[in-house]
Each structure stands twice: as C-alpha cells, then as structure tokens.
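Spelled out from the first residue to the last, the chains are:
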Amino acid sequence: MNWYKAVACLLFLVCSFEALAQNDLLSGLYFSSHEVIQDKRTSLNLSPHGNLKFSDHFSLEFEASFREGDGYYGYIFRILGEDATNIDLVSNLASTTSNFWLVYKEQTLLSFKWEQLPGTGYDQWAKIKFDLDIPNSRVSLSINDVKQESTIPESINTHLFDVIFGALHHKGFVSVDVCPMSLKNVKLVKDGELSRYWKLSKHFNDKVYDEMKNAEAWVSNPIWIIDRHVKWKKVKELQVDGLIGSTHDTRNGRIFFLNDKEIYCVNINSFEVDTIPYLEGKPYEDKLARQIIYNEYFDQLWSFDFDTEAINIFNFETQTWSESSDKTVESLYAHHNKFISPIDSSLITIGGYGHYIYSSVVHHYNRESKSWETFDRKDQIGPRYLSGASVISDKKALVFGGYGSQTGHQELSPKFYYDFFYFDLKDYTFEKIGTLPTPETPFVPIETLVYDKSGNCFYTLIYNNMQHNTHLRLARFNLDDGKDDVKYVVYNDSIPYNFLDVESWTSLFLDEKRSELITYITTGSKVEIFSISYPPKLKQEVLQKAGKKLSVANLFWSFLILLPSIGLVFILWKRKSRRTPYFYDVPVVSNYTELIHIPEQNKPSSIYLLGNFKVIDSEGNDITGSFAPTTSQLFLLMLMNTIKKGKGTTSQELKNILWFDKDDNSARNNRNVYINKLRLILKSFEEIKIINDDGCQAIQGLDLIFCDYVRVQALINLMKNNPVFNKKLLVELTDLSLTGTLLPFVQFEWLESYQTEYSNILIDTMLQYKDHVEVKKDLILLLKMADVILLHDNIDEDAIAMKCYALFYMGHKKQALDIFNKFSTDYENLLAEKTKLTFEDLIKLSK
C-alpha cells in the first residue's frame, strides 16, 4: 500500500508542477468585435456536433474581460433551445443605464450596471455564472457574486440546447454584434457536477477541447491570448534622425533613443514617446560604437569615449550634459559589450572591433580616479565582437558567443564563437564554462542576454551576420547541461532584420511588471520595438492535444485494474492491425548523390513563395529588393487571394489590413499610391498586371509565369483527380516542397490561414501515397517525403517512422538511430510524454 501512495503522491506532484507552469501563462480567447468587418468577428460554438442535453438544473460558468474602445454593444452568449427559444446575455458597456441584460426571446429578465458590480471594470477578469432551472422555469445570473433571479414567463419544453458565444450564424439565428471581450475557463455544470471544462488556453487552430471528455468546441476567427507567448508583436515604430545611440532603464520601464539635440524617451507601459531637449551640452558622437548606457544607480545617461577620460553625464532634472564636444572618432571597439557593475556602480566594456582588429580588451571606468583601466584578456577569451553579455549576480556577468579570430586580425581565419564564459566583476577575468556544438546555420547573439536565475538559463536573439536580409530569432540556452553539451531551443517566430555592421543595433530586456520580453531594433534612423509574453513558448507547446484527460488519478487506478486486459487486447490488436510494411523488397543504398534535388531558383518570370520570398522578372533579374514592407504585403495579399479566390482583394479588405487606422479618404489615397508603386516595381515583369476585377485588386497573368506555390497545388490536384498513380508527379511535388514552407519569414496575421492550410494538405498528400507499391520500393523518395512532413511538423510520428526506416536500409544505421533519439527527446520535451514508437519496431516493419 505504501508503494501505491508513493506513486499517487508522485503523480499529484507532477500534475501540480504542470499546473503551476501553466499559471505563468496568459490564457483566454480574444473576441474580435466591431474593430473588424462582420465576417472577421469571433464565435465560440460549444455544440458544433449538435445540441447539448441539459439536465433539469444546469449552469454555465466562465470568466470574461471586457475592453474599451472597440465598440460597446454585442452578444456575450446565446443559448438556443431546440424549440426555437433563446436566452441571451447582451452587453452595452458604455451605456449610462444598464450594461448587461439577460434576455428571454424578446423580454429582458435581468439587468446589471457597472456600479452594482464590485471589482469589475475594463480589462479585469469577472466571474459570470448563469443558472437554468428547467422544471420551475427560473433563471439566475451572477457577476462577481452579485446575483439576480427571475422567472421565465412560459414553460421550457426542451432539454436540448446550443451554446454559442459571440457571432452567430445558426438555425435561423444570425447576429454579428459581438461584445468586445475575452473569455476563459468556460464550464458546463449539470445537477451540481462539472460536465465540461474548456480552459481556452492551449488550442488546436480553430478547435479547442474540454478537460473532462475531450468534447470539441469550434472557433471562428480566433485570437488566442496564449499565442502572445509564441509571436512577437510590433508595439511601436518611430523615426529618430541622426540617431547616435540607444539604451534602456529596466526598473522604470523606459527606452532612450538619442541624437545630438534631444532624447526620445519611450514609456513601455503605454509606448508613448516623450522628447527631452538638451538645455546644455550634448553626447559624444560615435555613431559606429553607440557608446551610451543608462546607469540605474544614479538615474543618469552616460556617454563615453575610450580616448576621453571624462564620462559625459546627462542629468534628467536639469536636462544637461556635463560635457560638450564636437570630436568624432572611429572607435576601435564597435559592437562591444557594456554593463554597469553592481560592485562599484561603474562602467565595464568587453571586446569590440575596429580598424580590421578584433579585441579581447576589458575596459573599466574608475569613477574615483576618473580614468580608464584596460586589461587585455587574450589568453582567456578569443578576440571578438558581436557577443552577448549581461550581469547575472553581484559578483559575475555572463558572456556568450560572437565573431572574431584567435589572432585578433580580421584577415586571419575569422570564425564564429559559440562558447560561454563567466566574467568576474572584481578582478575582470574570464572562466570558460561551456561550448555549443557548431550549428548548421551560423549565428551571433545580440548584445544583451536575459538571465533566468531559477532555470539557470538565458534568452537572447540570434541572427546570421553574414546576411543583410536576415531574421532575429529568440533562443533559450540552458547552462545546467554538460560543459560541451549545452542545449538550446530556438523559438518559432522571427523578426526581419536588415543587418549592417555600423547601422544596425538590437537590445533585449525583460519587463517584469508586464511579464514581457522587449526588444528594440535600430536601423539607421528607423526604430522598431517588439514584445512577446514571458516565458516564451514554442508553437507546439500551446497546441492542445485531443485525448488528454484531466483526471490523472482516475486514469492511474483504472489502468492498474485493467492492466492485464489491456495488455491482452493490445497484443491481439497489434498482431491484427500492424501497419502494412513499407517495402516488399529492401534495397540497400549508400549513394547520397541523388538524394536532394533543389529545383532551379532563378528562372525568368518566376515568383517563389516556398522558403525565401523571391521575385524574378522577365529578364531574369531578381527584383525582390525593390519591395518595401508595405508594397510586399500589398503584393502578397493580392497574389494569395487571386490564387485562392480567382478575384483578388476588395478595397475594404485592403483598408482593414493595411490602413485600418485611417479614414476612408486617407485609406483610398494610400491604396492608390501603393498600387502605383507596385505597378512600377512590376513594370519589368511583362507577363503579369494589376487589374481591377469587379471591385477587387487582382494579379492577372499568373498562368503565364512559374510560381512554386501554385505548382505544388496543381501537382496535388493532378494526383488526386487522376485514378492512375503517376510517380513523376510525386517526385516533382516532393522536390519542390523541400525548398521550404510557405513564406516562413513573413509575419502577417492574415497569412496564417494560408500557411496552415498548405501544411495540412501537403502532409495529408505525403501520407496518402507513402504506402503505394511504387513508393515502397524507392527508399530515396520515401526519405524525401518524410522530410517534407518534418518541415511542417517536426514531431510527426509517421514521418519519423518513414525516415528512420529508409535511412536504416540505405545503410545509414547510426544516422537513423541518432534521428530517432533526437525525435524522442523533442517529443517528450514538447508534449510532456514519451513516444510509443521504438526504434526496433520501426526497422522491423517489413518483417
């Protein structure tokens, strides 16, 4: 019995830790309301497969948060009886009379005003409970425990109901007025017992499953709040002419952007910008090194120059700089690391680059002597720049990665560094603590690291500094791993980044009050600020898995009782329903030369949407660089809608997506300007034209050019509509699909539905043909098909089975085992459970 108690206790602890982890995350379903057009508004249907059967005494409970400024009137929920009765909770948040009504058919039963509801208001979660007593025809509604009751004026003659929140198109009931709200923790209670529980946290695209019986609820136009942990959101963009430098004040939530006349101060609580003009003096000008830092111990901005003894200090109270100098020099330490030491509240810098030399020099500004101290630590750390560093305790800082050379000379074998060091803040020495395995794609970190003491890990943004058009990607590095086996995770979302050595700067910090990671990016005079909720999550981590039950304890005891029967049934099932073998004959292949075939990428008159976005005009010129952010989004929006609908995009859709913040006249002017710009860009692309097709802006001539996305769809349709299997079509489809996913580096919300649909249909097609007799005999084709699936879903069990089997019988047994082991680890990390696949089963599938 003690053993049972121990296991039960362990299960309880595991569940508790999982619950605690989930409590750190934002959750809920955000309902799009009057701020979008009618067909983009959100609906949550708790009964998509037919009526719910209510008991005599039924309750609907949920939490709701209401927002200001997106229209105020709309439906919260509608309960529709099979006998055409309706019970509705309606809101008018800005009304001066009543703000919430419970309505039966056309009669108001109950109403509430804000003043009656303690602890409620905009952007606060309120607990709402609706009770229905069918035999006695009574209802009650409570909001934050303030309860009212009423009698329905007629008998209710059904126990079958539909329950729908938000927009409604259902059985003769139509309503598009949606309350501007967010919902979470939706519960159905029958006769006092919890029957359904939708947390509205993790989700599966447009479906969400309840925690009791895995009952589906369907969502139209969802915006999942938990996705704020997955996706970066641009929160501010501004222009700072003559930008000299930037820095931030984590404690007070400020970001500073400086030129030679004033400071642009961004408040990260509101992202409003305040300008502070200089009344005297100005910062040192070294635009190459951005030698400015905020000193939180004195609430001062410090501008510094390694060739000048005096620190130039900005006083916020007097709005003055302590120095004024017109001297401009080219720094020897561009892209160095800098931080304020907690030991003496002074400045320390590490490394940098200038005059073709990488540096390993540590600079310390001694405030007492008002002079620089220098320490060359070349014997401890390789000369470098573009490293990441941050103070992690009162005694030490952490330094990671960078780019440089062991000699310090740019021309002598420069390389990427992936090593980690502790830096002693007292004696300015380095201690190496680990090294990453060299990644397939090289990267450097940005200048700052965000350290998580509880997890002994850190976050930073990484990018490839060998490319101008690159992307910033958030990564987490775990320091608890072995010295030479440091593991890291790169998150799904990315931020476009145009990197130029002396023009591009990026920093990252954690806003603890709002639990957000904030990054600010400067390119020339352009400033962009992005945020993501903390802790960040992989996309796979917020996807809900159908079939997962809430009651772990009940499952555990049921499992013990039924274990013998389950084992017998499983063995019999395994024998009867073992997968059809992938191959009848197993050829051993060792030649990899024909494994990867990459289609030609620079054909004249081509548009490439798989992998990197690329446009090649009629003369064979790559004109992708001519597309600015707005023209590229306009082009892609018109292109994707033309491909899918054949009609293009309406003017209203363009306004809602591109110019939602402008009135009709201004939006029309912007639309005409940018369409003319787009026509000029496409002037050398003779085959295609922008036309107005019955009020829609469309792309004409797509049948005259090559587009990889269009070709993939055509190949899939050809295969599905042809009763005779054509292996050549499948080979072409596979090779073309391996060039990449659909526009992976383009971050537009409207594009996500296209990307999801493309991934689903491609995976389905690969799985549909994997068992065909001609595919079974072609290990190379099977391997490619597996890789196509894994591009879109890296923990797909069918794909891993295909890939490991193919590699094993091609003679690459160790590689097959390595891939399976990595998959098993990723699967367990992402889904918190072990895969049921075993390597031995995979390689015996044809036995």
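Residues numbered from 1 in each chain as written. Predicted model: local features only at pLDDT ≥ 70, side-chain atom pairs only at ≥ 80, totals over all residues. Heavy atoms only, no water.

### Examining the nonpolar core
Looking at soluble globular proteins, one finds that nonpolar side chains tend to be buried together.
Working step 1: If you look at the biggest cluster of nonpolar residues, it comprises 131 residues, and the most contacted ones within it are Ile607, Leu609, Phe635 and Leu730.
Working step 2: Sequence-distant contacts of Leu609, that is, excluding residues within four places in its chain, are made with Leu636, Leu639, Met640, Cys707, Asp708, Tyr709, Thr741, Leu742 and Leu743.
Working step 3: With 56 residues, the next largest nonpolar core counts Leu44, Leu46, Ala64 and Val219 among its residues. (Core = buried A, V, L, I, M, F, W, Y, C linked by side-chain atoms within 4.5 Å. Buried < 20%, exposed > 50% of the residue type's maximum accessible area, 1.4 Å probe, protein only. Contact = heavy atoms within 4.5 Å.)

### Re the sheet that holds strand 47 (residues 614–616)
Working step 1: Here three strands make up an open sheet; going across it, the order is 47-46-51 and the pairing mixed. The sheet is open, and its two borders are formed by strand 47 and strand 51 (706–707), each paired with just one other strand.
Working step 2: Looking at chain direction, strand 46 (residues 606–608) and strand 51 are connected through two bridges and run parallel. When the bridges of strand 51 are listed, Ile607 appears paired with Cys707. (Pairing = 2+ DSSP bridges. Helix = DSSP H or I, 4+ residues; strand = E, 2+ residues; numbered from the N terminus.)

### As for the sheet that holds strand 44 (residues 516–523)
Working step 1: One open sheet accounts for four strands, arranged 20-45-44-43; its pairing is antiparallel. The sheet is open, and its two borders are formed by strand 20 (233–239) and strand 43 (504–511), each paired with just one other strand. Averaged over neighbouring strand pairs, the angle between their axes works out to 15° when direction is ignored. (Axes fitted to C-alpha atoms, helices over the stretch in contact; angles between N-to-C directions.)

### What about the confidence of the model for the protein?
Working step 1: Per-residue confidence for the protein gives a mean pLDDT of 85; residues scoring 70 or more make up 88%.
Working step 2: Helix 1 (residues 2–23) is the least confidently modelled element of the protein, averaging 39 in pLDDT, while strand 23 (residues 262–267) averages 97, the highest of any element.
Working step 3: Here residues 1–23 scores under 50 on pLDDT; set against residues more than four positions off or in separate chains, the count is nine contacts.
Working step 4: Contacts for the low-pLDDT stretch residues 548–599, under 50 throughout, to residues beyond four places or in other chains number 76 contacts. (pLDDT = per-residue confidence, 0-100.)

### Focus: the side chain of Asn295
Working step 1: With respect to the helices, strands and loops of the structure, Asn295 is situated in strand 25 (residues 292–295).
Working step 2: Taking relative accessible area as the criterion, Asn295 reaches 0% and is therefore assigned buried.
Working step 3: A distance of 3.1 Å separates a polar atom in the side chain of Asn295 from the backbone oxygen of Ser345.
Working step 4: The contacts of Asn295, once residues within four sequence positions are left out, are Gln300, Trp302, Ile340 and Ser345. (Polar contact = N/O pair within 3.5 Å; in protein donor to acceptor, adjacent residues only side chain to side chain.)

### Here's the deal with the pattern of salt bridges
Working step 1: A full pass over the atoms with the stated rule returns 29 salt bridges.
Working step 2: The partner of Asp249 in a salt bridge is Arg254, and the shortest N-O contact between them spans 2.9 Å.
Working step 3: The exposure class of Asp249 is buried, given its relative accessible area of 1%.
Working step 4: Exposure remark for Arg254: the relative accessible area of 17% places this residue in the buried category.
Working step 5: Two residues, Asp818 and Lys814, come together in a salt bridge whose shortest N-O distance is 2.9 Å. In this pair, Asp818 and Lys814 are both assigned in helix 12 (residues 813–831), four residues apart and thus about one turn of the helix distant.
Working step 6: Residue classification places Asp818 among the partly exposed residues on the basis of a relative accessible area of 38%.
Working step 7: Residue classification places Lys814 among the exposed residues on the basis of a relative accessible area of 61%. (Salt bridge = Lys/Arg side-chain N within 4 Å of Asp/Glu carboxyl O.)

### Details of the pairing of strand 8 (residues 107–112)
Working step 1: Sheet topology note: the strand 7 (residues 100–104)/strand 8 ladder contains five bridges and is antiparallel. Directly across from Tyr104, in strand 8, lies its bridge partner Gln107.
Working step 2: Taken together, strand 7 and the strand that follows it, strand 8, pair antiparallel across an intervening segment of two residues, in which Lys105 is found at a positive phi of about 50°.

### Notes on helix 11 (residues 797–809)
Working step 1: Here helix 11 is 13 residues long and its end C-alpha atoms lie 18 Å apart, about the 18 Å a rise of 1.5 Å per residue gives.
Working step 2: Counting buried positions along helix 11 gives eleven out of 13 residues, so the element sits mostly inside the fold.
Working step 3: All of the buried residues along helix 11 are Ala799, Ile800, Ala801, Met802, Lys803, Cys804, Tyr805, Ala806, Leu807, Phe808 and Tyr809.
Working step 4: As for helix 11, its buried residues are in contact with helix 8 (752–769), helix 10 (779–792), helix 12 and helix 13 (839–843). (Expected span 1.5 Å × (residues − 1).)

### Here we look at the environment of Ile225
Working step 1: Along the chain, Ile225 falls in the loop between strand 19 (223–224) and strand 20.
Working step 2: Given the relative accessible area of 6%, Ile225 is considered buried.

### Here's the deal with the pairing of strand 27 (residues 312–315)
Working step 1: Residues of strand 27 alternate between two faces, with Asn312 and Phe314 buried on one and Ile313 and Asn315 left unburied on the opposite face.
Working step 2: Bridging between strand 27 and strand 28 (residues 320–321) involves two bridges; their strand directions are antiparallel. Residue pairing across strands places Phe314 opposite Trp321, the latter belonging to strand 28.
Working step 3: Where strand 27 folds back onto strand 28 in an antiparallel hairpin, the turn is made up of four residues, including Gln319, whose phi is positive at roughly 55°.

### Description of the packing of helix 10 against helix 11
Working step 1: The interhelical angle for the contact between helix 10 and helix 11, taken along N-to-C directions, is 145°, at an axis separation of 8 Å. Helix-helix and strand crossings are classified by hand; for helix 10 and helix 11 the assignment is left-handed. Residues Leu779, Leu782, Leu783, Met785, Ala786, Asp787, Ile789 and Leu790 of helix 10 touch helix 11, and the partners they reach there are Ala799, Ile800, Met802, Lys803, Ala806, Leu807 and Tyr809.
Working step 2: Among the residues forming the contact of helix 10 with helix 11, the class breakdown is 13 nonpolar, no polar and two charged. (Left-handed = near helix turned anticlockwise from the far one by under 90°. Nonpolar A, V, L, I, M, F, W, Y, C, P; charged D, E, K, R; others polar.)

### A word on helix 3 (residues 629–645)
Working step 1: In a regular helix each residue adds 1.5 Å, so 17 residues correspond to 24 Å; helix 3 covers 24 Å between its end C-alpha atoms and thus fits that length.
Working step 2: The element helix 3 is largely enclosed, with a buried count of twelve among its 17 residues.
Working step 3: When we look at burial in helix 3, the residues that qualify are Thr631, Ser632, Gln633, Leu634, Phe635, Leu636, Leu637, Met638, Leu639, Met640, Asn641 and Thr642.
Working step 4: Backbone geometry just downstream of helix 3 places Gly646 in the positive-phi region, at approximately 80°.

### Observations concerning the packing of helix 7 (residues 727–737) against helix 8
Working step 1: As a packed pair, helix 7 and helix 8 sit with axes 12 Å apart at the nearest point and diverge in direction by 140°. Between helix 7 and helix 8, the crossing angle belongs to the class labelled oblique. Relative to helix 8, the crossing made by helix 7 is left-handed. Of the residues in helix 8, those in contact with Leu730, Leu733, Thr734 and Ser737 of helix 7 are Tyr758, Leu762, Thr765, Met766 and Tyr769. (Parallel < 35°, antiparallel > 145°, perpendicular 65-115°, else oblique.)

### Quick word on unusual backbone geometry
Working step 1: In the segment running from Tyr534 into Pro535, the intervening peptide bond is cis, with an omega of 0°.
Working step 2: Counting through the fold element by element, Pro535 comes out in the loop between strand 45 (526–533) and helix 2 (552–577).
Working step 3: Its identity as a non-glycine residue notwithstanding, Phe271 has a phi of 60°, on the positive side.
Working step 4: Tracing the sequence through the fold places Phe271 in the loop between strand 23 and strand 24 (272–277).
Working step 5: Positive phi, normally seen in glycine, also occurs at Tyr356, with a value near 70°.
Working step 6: With respect to the helices and strands, Tyr356 occurs in the loop between strand 30 (347–354) and strand 31 (357–366).

### Details of the packing of aromatic side chains
Working step 1: Taken as a whole and judged by the stated rule, the model has 64 aromatic pairs.
Working step 2: Measuring from ring centre to ring centre gives 5.7 Å for Phe257 and Tyr520, while their planes differ by 90°; the resulting arrangement is edge-to-face. Of this pair, Phe257 sits in strand 22 (residues 254–258) while Tyr520 sits in strand 44, placing them 263 residues apart in sequence. For the residue pair Phe257 and Tyr520, the accessibility class agrees, reading buried in each case.
Working step 3: Considering the side-chain rings of Phe304 and Phe306, the 5.6 Å spacing of their centres and the 75° angle between planes classify their relative orientation as edge-to-face.
Working step 4: On the accessibility criterion, Phe306 (13% relative accessible area) is buried.
Working step 5: Put simply, the rings of Tyr353, Tyr358, Tyr385, Phe400, Tyr403, Phe416, Tyr418, Phe420, Phe443, Phe458, Phe477 and Tyr488 touch in pairs and so form one group of aromatic residues.
Working step 6: If you follow Arg384 out to its NZ or CZ, it ends over the ring of Tyr417, 3.8 Å from the centre. (Phe/Tyr/Trp six-rings, centres within 6.5 Å; stacked < 30°, edge-to-face > 60°. Lys NZ or Arg CZ within 6 Å of the ring centre and 35° of its normal.)

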